[in-house]
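# Topology and contacts: notes
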Amino acid sequence: MAYQLYRNTTLGNSLQESLDELIQSQQITPQLALQVLLQFDKAINSALAQRVRNRVNFRGALNTYRFCDNVWTFVLNDVEFREVTELIKVEKVKIVACDGKSKCFPNFFESKTTLRTLES
């Protein structure tokens, strides 16, 4: 089973909305929609693990951290992200990091680190 956090992305939300419409119009069953979502989870995790090679460095002040169910969660303040030629500054960021090599995947997180800015 793959992590499911990517369902909260624009692509994942659009897929879920489309599947909901198909269920409401009785064009597909809820079971088929679930199978599609599970395939999406596997495909997005695999694609990101195999195709994304960019690296970003970041620095910020650690606000809070937590390690639960083999998942690290960090909240940082005043964060600077640096790519080769680009610098981005944000006020607050939440980072969720999961073991992408683990054989035991929780149902609610992804297999790579996810960065999401938090709105105040």
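Residues numbered from 1 in each chain as written. Predicted model: local features only at pLDDT ≥ 70, side-chain atom pairs only at ≥ 80, totals over all residues. Heavy atoms only, no water.

With that out of the way, let us pick up a nonpolar patch on the surface. A contiguous nonpolar surface patch, about 450 Å² in accessible area, is contributed by Leu62, Tyr65, Phe67 and Trp72. Take the nonpolar patch: its biggest share by element is 3 residues, from strand β1 (residues 57-68). Here Trp72 shows up in strand β2 (residues 71-82). Of the residues examined, Trp72 reaches a relative accessible area of 35% and is grouped as partly exposed. (Patch = residues over 30% accessible without salt bridge, like charges linked within 9 Å, V, L, I, M, F, W, Y side chains within 5 Å. Areas by Shrake-Rupley, 256 points an atom, 1.4 Å probe, with all protein chains shown as cover. Salt bridge = Lys/Arg side-chain N within 4 Å of Asp/Glu carboxyl O. Helix = DSSP H or I, 4+ residues; strand = E, 2+ residues; numbered from the N terminus. Buried < 20%, exposed > 50% of the residue type's maximum accessible area, 1.4 Å probe, protein only.)

We now examine unusual backbone geometry. Phi is positive for Gln26, which is not a glycine, with a value near 60°. With respect to the helices, strands and loops of the structure, Gln26 is situated in the loop between α1 (10-24) and α2 (30-51). The phi angle at Asn70 is positive, at roughly 65°, despite the residue not being glycine. Judged by relative accessible area, which is 42%, Asn70 ranks as partly exposed.

Within the secondary structure layout, Asn45 lies in helix α2. Only 2.6 Å separates the side chain of Asn45 from the backbone oxygen of Asp41, close enough to count as a polar contact. (Polar contact = N/O pair within 3.5 Å; in protein donor to acceptor, adjacent residues only side chain to side chain.)

Right, let's get into the packing of α1 against α2. Taken N-terminus to C-terminus, the directions of α1 and α2 make an angle of 165°; their axes are 10 Å apart at the nearest point. In terms of orientation, α1 and α2 fall into the roughly antiparallel class. Crossing hand, α1 versus α2: right-handed. In this structure, α1 uses Leu11, Gly12, Leu15, Gln16, Leu19 and Ile23 to contact α2, whose residues at the interface are Pro30, Ala33, Val36, Leu37, Phe40 and Ile44. Counted by class, the contact of α1 with α2 contains 10 nonpolar, 2 polar and no charged residues. (Axes fitted to C-alpha atoms, helices over the stretch in contact; angles between N-to-C directions. Parallel < 35°, antiparallel > 145°, perpendicular 65-115°, else oblique. Left-handed = near helix turned anticlockwise from the far one by under 90°. Contact = heavy atoms within 4.5 Å. Nonpolar A, V, L, I, M, F, W, Y, C, P; charged D, E, K, R; others polar.)

This part covers the packing of aromatic side chains. Under the definition given, this model contains 4 aromatic pairs. Taken together, the ring pairs connect Tyr65, Phe67, Trp72 and Phe74 into an aromatic cluster. (Phe/Tyr/Trp six-rings, centres within 6.5 Å; stacked < 30°, edge-to-face > 60°.)

Here β1 pairs with β2 via 10 bridges, running antiparallel. The residue of β2 that forms the bridge with Arg59 is Glu80. Between the end of β1 and the start of β2, which pair antiparallel, lie 2 residues, with Asp69 showing a positive phi angle near 55°. (Pairing = 2+ DSSP bridges.)

Any link to function would need more than the numbers given here.
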